[in-house]
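Given next are the chains, with one letter for each unit.
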Amino acid sequence: MANLGMVNNTTSLSDDFGILPRIIADDFLREPFRFIWESMLSRYTKFQISVFGSVLVHEIVYFGACLPAFMFQFIPFMQRFKIQRNKPETFEQQWKCFKKLMFSHFCIQFPLICGTFTFTEYFDIPYAWDSMPRWYVLTGQVLGCAVIEDTWHYFLHRALHHRSIYKHIHKIHHNYQAPFGMVAEYAHPAETLILGAGFFIGIMTFCTHIILLWVWVTFRLLETIDVHSGYDIPWINPFHLVPGYAGARYHDFHHQNFTGNYASTFTWWDKLFGTDRQYNEFLAAKGTDDKKGQ
């Protein structure tokens, strides 16, 4: 009888632990949204979903992600995490940035987003729930998109810093030496098109469902707003769990120094080509000064 009880307990434990892989494979982050997704498909056309849905996702994520750092400027405790404490944000700077963003979002980016419907139709990208990839597939696709975009961004961003064209295009983005979240997409229209192309290369490479477009744009916006936020709070920032992630301090130095640290997400291209040398020297000097001050 005792042996039978042990067998039953073992079987029970086996069944309990067997549930976990099934949850991860079939239900995790997917089943709870079935009703919402299928309701959306039944109410709206593919054009409305791909165009207006994408605009809605972009605007909500962009300004929602900008909000925390915007609020930080009014919270004295958070100033200890500000990277350039001697250069606080001003209302004039933020208002100027916001106005240019509205022009960029609706006069430059909106026409590009309208092409999403054509893209999904031409390549027969599915919208159906049953065609939606699992969360771990989406994660791999997003990381693939990030690697492609980071590579594109490094080389094209570095090219935009060439003295012959810098003042005509990229200088606008560098109007803010101490960036804040909204500065992420504050740029010349030509720069929006040039660097933004890297975003779409990943989509064209990996897209197997419309959901990837929304997940990838969410990841990319959260990342670029993080590195432009002007604040570094690594112990609550999940992006720092990504190997090789650059972060706010890394890109903030680019805005201070104007050269070096050209990559958007990762650090490996700068390391490979030595364009992080001045940043490393800056960190070494800062470490020496901190020791002297102790």
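Reading guide: rules and limits
Residues numbered from 1 in each chain as written. Predicted model: local features only at pLDDT ≥ 70, side-chain atom pairs only at ≥ 80, totals over all residues. Heavy atoms only, no water. pLDDT = per-residue confidence, 0-100. Contact = heavy atoms within 4.5 Å. Helix = DSSP H or I, 4+ residues; strand = E, 2+ residues; numbered from the N terminus. Buried < 20%, exposed > 50% of the residue type's maximum accessible area, 1.4 Å probe, protein only. Patch = residues over 30% accessible without salt bridge, like charges linked within 9 Å, V, L, I, M, F, W, Y side chains within 5 Å. Areas by Shrake-Rupley, 256 points an atom, 1.4 Å probe, with all protein chains shown as cover. Salt bridge = Lys/Arg side-chain N within 4 Å of Asp/Glu carboxyl O. Disulfide = S-S within 2.5 Å. Phe/Tyr/Trp six-rings, centres within 6.5 Å; stacked < 30°, edge-to-face > 60°.

1. A closer look at the confidence of the model for the protein chain
Confidence along the protein chain averages 89 in pLDDT terms, with 87% of residues attaining 70 or more. Taken as a whole, residues 4–17 scores under 50 in pLDDT and shows zero contacts with residues more than four places along the chain or in a different chain. Contacts for the low-pLDDT stretch residues 290–294, under 50 throughout, to residues beyond four places or in other chains number zero contacts.

2. Focus on the side chain of Thr116
Tracing the chain through its elements places Thr116 in helix H4 (residues 91–122). Of the residues examined, Thr116 reaches a relative accessible area of 8% and is grouped as buried. Not counting residues up to four positions away in its chain, the partners in contact with Thr116 are Ser50, Ser54, Ile210 and Leu213.

3. Observations regarding a nonpolar patch on the surface
On the surface, a nonpolar cluster with roughly 580 Å² of combined accessible area is contributed by Leu67, Phe70, Met71, Phe74, Ile75 and Phe77. Structurally, Met71 can be placed in helix H3 (residues 46–72).

4. Things to note about the state of the cysteines
One pass over the full model with this rule turns up zero disulfides. Cys66 forms no disulfide, and the closest cysteine sulfur to it belongs to Cys97, at a distance of 8.0 Å. Sulfur of Cys207: no disulfide; nearest cysteine sulfur belongs to Cys145 and is 8.1 Å away. Judged by its relative accessible area of 13%, Cys207 falls in the buried class.

5. Quick look at the packing of aromatic side chains
Using the criterion set out here, one finds 32 aromatic pairs in the structure. Between the aromatic rings of Tyr154 and Trp269, the centroid separation amounts to 6.4 Å while the plane-to-plane angle is 25 degrees, which identifies the pairing as stacked. You can see Tyr154 sitting in helix H5 (residues 135–160) and its partner Trp269 sitting in helix H9 (residues 268–273), a full 115 residues away along the chain. Seen from their ring centres, Phe266 and Trp268 are 4.4 Å apart, and the 10 degrees between their planes marks the pair as stacked. Among the residues examined, Phe266 registers a relative accessible area of 3% and is labelled buried.

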